[in-house]
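The primary structure of each chain is shown beneath.
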Amino acid sequence: MSDTPSITPDQLAKFEFNDDLLSSYRKNKQIPLDLYDRTGKLIMSKKKNPTEEDFGKLLKIELQGAYYLTTEVKSLRVPSGETSDPRNTKLFDPDKTTEFAKQTETLILELKKEAFNSDHALRVHKSIGKVLDDFTSNPDFESGLFNILEILNHAGVPVESELMTKRTIVAMGMKVRTKKIGVGEDNKPNKKDHLSVMTASFLADIGYSKLVLPDKPNLTKEEYNAIQQHPIISYLMTLAAPEITQEIRTLVLNHHRPFRGSSINNNFPDNQTVFRKLMVLRDKFIKDPSKKMIVADIDAQLRIQESNVNSVNFEEDIAILSLASEYASLTTNQPWRKAFNSATALKMIVNDSFFSYSNRNIRHLLDYVGASLTNNQNIINVGDYVITASIDSEKQVHFDICKILEVDRFQTRPKIQRLCTIKPLFKKGIKYRIADFDINEIRMDKRRAVIDLAGQTSSTQRIIYIIDPEMNAPLYDAVTKMDTL
């Protein structure tokens, strides 16, 4: 048989699909056209009722470079008789989600009385795997609504369970939407990284089950120091279960370190503190032969803390855990305050991000799941005022008040008009934060320069504050009046 392709390159067009196209294939349960390599060799046939393995293969082929017949261009998008917007699909089943939250409640009650063990680990893996499978089997999982708040408001579970459930599901959404599920060497969907992030999100705060927590917002230094112990307590609890991988334990141990580097930031506890605590544990266990596996894991964690060199994926996973945790906390009723609505919580995270998160971290939250958490409503819209930060060649940080002119697909990268510069008022309490901005230190930009952040991919300029009339009325009023001059 001749190896000469029956299709010539001039008959082919490059196959490039987006999330909406993939969603339409899932919804209509078909891959509607044959795909070829650049020489015209068939590498994937059209298929009805494709499996998850087929979609994983499709992603892999598309990344390698795939082509389709130009005569089949009309088949590229599957026609659908449905007129509903897939972005309005509610992604989570109320019964299944409530069941997951109830299972979480049971685990928390058990951990207050007993040590974490292999049985607990297996149960966690099973329940989390089911959540991920249910989520990715929905054809609209890339664009649908995260109705998690709506469900948990009526689930009737304690705060701890609500937080763990919400954090795990939001972290899952961020990870799935920022890293597509591909196929492994066995041609099966490779969900290992996604399950690791979810498991770490679920287990990150189990150390709280061993602490007596104060029911008040203003903590003493001693109380805050006690709470800071929970990452290492959670880590220690997982050591008894070999089913929890070393990678997951590393994420648990470091889940409050979202901002890489040694400059002023809100990482806690810092590398040296973690290193010293791990050394104490190692010295305690090293003489006990039964603790050999535990010592080996501690040694691995010590090398990570000592080198302070981690992969980009690892740093992003830590930020995902931290962001999901903050969102879960802000949108949950606490003994000292009511829950904030989803939009307000997202704005609070952005406005407190300067010392805690990179531009990429905030993009992962707002651009990939942000609108899904707020009923498809952006929190950054045309006409809004924001404050951006940028770093010049002298390492000086500049803060600019800008007006939103256009918002395309990504709300963190709009087209903006610079109105003026302003100086922030920094405050160091339990954390570093921007307490406010000095409206007496405004310097007008007479040029009213227009900047398209979407086209400035190498720029350091990023949105670090949303000027909201309900969250900071004096600043909003001052900027509004200034903009009309």
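Our subject is the structure listed above.
Below or above, wherever it landed, is the structure these notes cover.

About the cut-offs
- Residues numbered from 1 in each chain as written.
- Predicted model: local features only at pLDDT ≥ 70, side-chain atom pairs only at ≥ 80, totals over all residues.
- Heavy atoms only, no water.
- Helix = DSSP H or I, 4+ residues; strand = E, 2+ residues; numbered from the N terminus.
- Rg over C-alpha atoms; globule rule 2.2 N^0.38 Å.
- Buried < 20%, exposed > 50% of the residue type's maximum accessible area, 1.4 Å probe, protein only.
- Contact = heavy atoms within 4.5 Å.
- Areas by Shrake-Rupley, 256 points an atom, 1.4 Å probe, with all protein chains shown as cover.
- Pairing = 2+ DSSP bridges.
- Axes fitted to C-alpha atoms, helices over the stretch in contact; angles between N-to-C directions.
- Parallel < 35°, antiparallel > 145°, perpendicular 65-115°, else oblique.
- Left-handed = near helix turned anticlockwise from the far one by under 90°.
- Nonpolar A, V, L, I, M, F, W, Y, C, P; charged D, E, K, R; others polar.
- Phe/Tyr/Trp six-rings, centres within 6.5 Å; stacked < 30°, edge-to-face > 60°.
- Core = buried A, V, L, I, M, F, W, Y, C linked by side-chain atoms within 4.5 Å.

**Topic: the overall build of the chain**
Okay, so step 1: Assigned secondary structure in the chain consists of 16 helices and 12 strands.
Okay, so step 2: Taking 23 Å as the expected radius of gyration for a compact globule of 485 residues, we find that the chain reaches 25 Å, a close match to that expectation.
Okay, so step 3: For the chain, the proportion of its 485 residues judged to be buried stands at 49%.
Okay, so step 4: Residue pairs in contact within the chain that sit at least 24 positions apart in sequence constitute 69% of those at least 6 positions apart.
Okay, so step 5: Surface exposure of the chain reaches about 24500 Å², of which carbon and sulfur atoms provide 51%.

**Comments concerning the pairing of strand 9 (residues 415–428)**
Okay, so step 1: One ladder, built from six bridges, connects strand 8 (residues 397–406) with strand 9; its direction is antiparallel. Bridging across to strand 9, C402 finds its partner in R418.
Okay, so step 2: Alignment of strand 9 against strand 11 (residues 450–452), held across three bridges, turns out to be antiparallel. Looking across to strand 11, one finds that I416 is bridged to I451.
Okay, so step 3: Judged from the eight bridges that link them, strand 9 and strand 10 (residues 432–444) form a sheet pairing that is antiparallel. Residue pairing for strand 10: K423 is matched across the bridge by D438.

**What about the environment of L405?**
Okay, so step 1: With respect to the helices, strands and loops of the structure, L405 is situated in strand 8.
Okay, so step 2: Taking the C-alpha atoms as reference points, L405 and N254, 151 residues apart in sequence, are found 39 Å from one another.

**A short note on the packing of helix 4 (residues 118–137) against helix 6 (residues 159–178)**
Okay, so step 1: Remark: helix 4 packs on helix 6, axes separated minimally by 11 Å, with the N-to-C direction vectors making an angle of 50 degrees. By the angle between their axes, helix 4 is oblique relative to helix 6. Crossing of helix 4 over helix 6 shows right-handed handedness. Between helix 4 and helix 6, the contacting residues are V131, L132, F135 and T136 on the first element and I169, M172, G173 and V176 on the second.
Okay, so step 2: For the contact of helix 4 with helix 6, the class distribution of residues is six nonpolar, two polar and no charged.

**What to know about the side chain of H194**
Okay, so step 1: Assignment of secondary structure puts H194 in helix 7 (residues 192–203).
Okay, so step 2: Using a relative accessible area of 2% as the deciding quantity, one classes H194 as buried.
Okay, so step 3: In this structure H194 touches L132, K175, V176, K179, K180 and I181, once residues within four positions along its chain are discounted.

**Remarks on the packing of aromatic side chains**
Okay, so step 1: Taken as a whole and assessed by the stated rule, the structure comprises 15 aromatic pairs.
Okay, so step 2: Judged by centre distance (6.0 Å) and plane angle (50 degrees), the rings of Y368 and F410 are tilted. Separated by 42 residues along the polypeptide, Y368 in helix 15 (residues 359–373) and F410 in the loop between strand 8 and strand 9 bring together distant segments of the chain.
Okay, so step 3: The exposure class assigned to Y368 is partly exposed, which follows from its relative accessible area of 24%.
Okay, so step 4: For F410, a relative accessible area of 17% gives the class buried.

**Quick look at the nonpolar core**
Okay, so step 1: F116, M172 and L278 are the most contacted members of the largest nonpolar core, which has 83 residues in total.
Okay, so step 2: If you tally residues by element for this core, the top one is helix 13 (residues 312–330), at eight residues.
Okay, so step 3: In this structure, L278 is in contact with I232, Y235, L253, I298, Q301, L302 and Q305, ignoring residues within four places of it in sequence.

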